[in-house]
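# Tertiary structure, described
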Amino acid sequence: MPRWVRAVQEGRLPRLEWIKINLLRHVEAGAKIVFGSNFNVVLGKNGTGKTTLLEIVAAVMCGNFARFADDEFDVEYSFACMGCRLECQLKRTGKSGDIGDGENAVEFHASLYDGDAVALVVSGDRRGTRIRRGSDGEAAEYSGPDFLPSTVEGKIHSIHAMFLVLREAGKVYEGIAAWLPWVVVRLDEGIETFERLFEHGSRIKDNRALSVVVSKEFGTLLSPNFPVVAAQALHERIIGVSPPPEVIVLGREEMPALGEFIDASQYTGGRLILSWIGAFQRGDLLYAGGNARFELIDGSQISHYQLSFGEKRLLAFLIKLYACPSTIIVDELANGMHHGWIERAVELMDDFGTQAFLTSQDPLLIDGIPLSEDSYPTRNTVVLCEIAESGRLRWRNMTSDEAEDFFESLAVGLQHVSEIMRSKGLW
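Enumeration according to the criterion identifies 17 salt bridges in this entry. One salt bridge connects Arg186 with Glu55, and the closest N-O pair in it is separated by 3.6 Å. Residue Arg186 is found in strand 10 (residues 186-187), and its partner Glu55 is found in helix 2 (residues 50-62); the two are separated by 131 residues along the sequence. Taken as a pair, Arg186 and Glu55 share a single burial class, namely buried. Two residues, Glu189 and Arg186, come together in a salt bridge whose shortest N-O distance is 3.2 Å.

Turning next to the environment of Phe73. Counting through the fold element by element, Phe73 comes out in strand 4 (residues 73-81). The class for Phe73 is buried, based on a relative accessible area of 1%. A sequence separation of 17 residues divides Phe73 from Leu90, and the C-alpha atoms of the two residues are 7.7 Å apart.

In this section: helix 8 (residues 256-264). Since the α-helix advances by 3.6 residues per turn, residues separated by three or four positions end up pointing in the same direction. The complete set of buried residues in helix 8 reads Ala257, Leu258, Gly259, Glu260, Phe261 and Ile262. For helix 8, the secondary structure elements touched by its buried residues are strand 13 (247-250), strand 14 (269-279), strand 15 (285-295), helix 9 (309-323) and helix 10 (339-352).

Below, the discussion takes up the packing of helix 8 against helix 9. Two elements in contact, helix 8 and helix 9, have axes whose closest approach is 8 Å; the angle formed by their N-to-C orientations is 145°. Every pair of crossing elements has a handedness; the one defined by helix 8 and helix 9 is right-handed. Mapping the contact onto sequence places Pro256, Ala257, Leu258, Glu260, Phe261 and Ala264 in helix 8 and Glu311, Leu314, Leu315, Leu318, Ile319 and Tyr322 in helix 9.

Bringing the nonpolar core into the picture now. Counting 68 residues, the largest nonpolar core has Leu272, Phe317 and Met349 as its most contacted members. No other element matches helix 9, which puts eight residues into this core. In this structure, Met349 is in contact with Asn38, Phe39, Phe317, Leu321, Ile328, Leu333, Thr354, Ala356 and Leu358, ignoring residues within four places of it in sequence. Of all hydrophobic cores here, the second largest spans 38 residues; its members include Ile33, Phe35, Val60 and Cys84.

Structurally, Leu426 can be placed in the segment after helix 13 (417-423). When its relative accessible area of 8% is taken as the criterion, Leu426 is described as buried. Spatially, the C-alpha atom of Leu426 lies 9.3 Å from that of Cys385, the residues being 41 residues apart in sequence. Not counting the four nearest positions on each side in its chain, Leu426 is found in contact with Leu384, Met398, Glu402 and Met421.

Here we come to unusual backbone geometry. Pro377 follows Tyr376 through a cis peptide bond whose omega is -5°. As for its placement among the helices and strands, Pro377 is situated in the loop between helix 11 (363-368) and strand 19 (381-387). The phi dihedral of Arg25 falls on the positive side, at around 45°, and the residue is not glycine. With respect to the element layout, Arg25 can be found in the loop between strand 1 (15-24) and strand 2 (31-34). The class of Arg25 is partly exposed, set by a relative accessible area of 32%. Its identity is not glycine, yet Glu332 carries a phi of approximately 55°, on the positive side. Following the sequence through the fold, Glu332 ends up in the loop between strand 17 (327-330) and helix 10. The exposure class assigned to Glu332 is buried, which follows from its relative accessible area of 13%.

What follows concerns the environment of Glu55. In this structure Glu55 comes out as buried when scored by relative accessible area, which is 12%. Considering only alpha carbons, one finds Glu55 and Phe65, 10 residues apart in sequence, at a separation of 8.9 Å. Leave out the neighbours within four places in its chain, and Glu55 touches Arg25, Arg67, Phe68 and Arg186. Reaching out from Glu55, the side chain makes a polar contact with the side chain of Arg67 at a distance of 3.4 Å.

Conventions adopted
Residues numbered from 1 in each chain as written. Predicted model: local features only at pLDDT ≥ 70, side-chain atom pairs only at ≥ 80, totals over all residues. Heavy atoms only, no water. Salt bridge = Lys/Arg side-chain N within 4 Å of Asp/Glu carboxyl O. Helix = DSSP H or I, 4+ residues; strand = E, 2+ residues; numbered from the N terminus. Buried < 20%, exposed > 50% of the residue type's maximum accessible area, 1.4 Å probe, protein only. Contact = heavy atoms within 4.5 Å. Axes fitted to C-alpha atoms, helices over the stretch in contact; angles between N-to-C directions. Left-handed = near helix turned anticlockwise from the far one by under 90°. Core = buried A, V, L, I, M, F, W, Y, C linked by side-chain atoms within 4.5 Å. Polar contact = N/O pair within 3.5 Å; in protein donor to acceptor, adjacent residues only side chain to side chain.

And the structure:
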């Protein structure tokens, strides 16, 4: 099995270290936000750009700037993974069309530091992507997928792919861009993410719906919405079976997100049903059309469509978390959720070591984040979104004085995190 497939299955995505905004909409130029390896809580009043910040985090995590297709921007960012560091800068001038329209409309530069070795990438000019190894190394032509992050939705070029390609002495695995399926998206503050997961039709093609591809070539199942355990269970049921089964039923053992949801809710059981859609040219099979059924204590059943608002948000969160436990981005996680669900969500992210990017106006979530002087800011941190005197959006971390004052108050033990934040004018 190729190394990159195994890495994706294990959910080992790079950690985002920081983002610097030189130009983006109404954000104050020069804003640099440093992120922790676990919890990153984004706080601010309505209209201060919290959702936009989550969108730019999602864009750099998966290399898809579709939401910024009509914007000029200049963004720098850094990742850490597998003992090395990747620093990138993406600049776009002009607003019409997709990235790449017009001469030199987009510039993309990346430097991978791996011990004493360095690899430099230049992408987006007429010569395509070039890789240069060492500060005095000669540029080498690269024939694989362009590293240039795309504004075209669905064209995902994973940052993880760049790490692996650059560290393999220029060796490019055929089809790496097409087969790396992890799509780190922002979970909406409503139920839009839930509806996309269970949508039948177009969402199957762009990897947003609950769908699985059975790859005979790689001997595994690849999907952005399924954990490895579900892939293994389905693999045993499908590979080598002729004709392939028309319907696949997954229970709590094969789909841990379902089990977690059932334990947290009123239901006594549940299952996910997938239908065979068809086969690709090389024999890979597609199953989709997700339909979930849940059992009540009286023996009756309901469909996923009949879940409450809060239940839909919890189920969508759990599906995405278990599918890719290394990274999650959630807007207003606490919306519609019982305090017990909020506490369990935080506990799961902490147990998984998830790099979580969260916004909330709910003190219950903020008070549940394990902020401490020992873990701040390397593991858990706070990002403040404000309106500057100029009227532009200001994104920043707490200053050293603010952090010291905050943790002194927290150590007293008389106030919750949210109360201290409000009393210090930080939220």
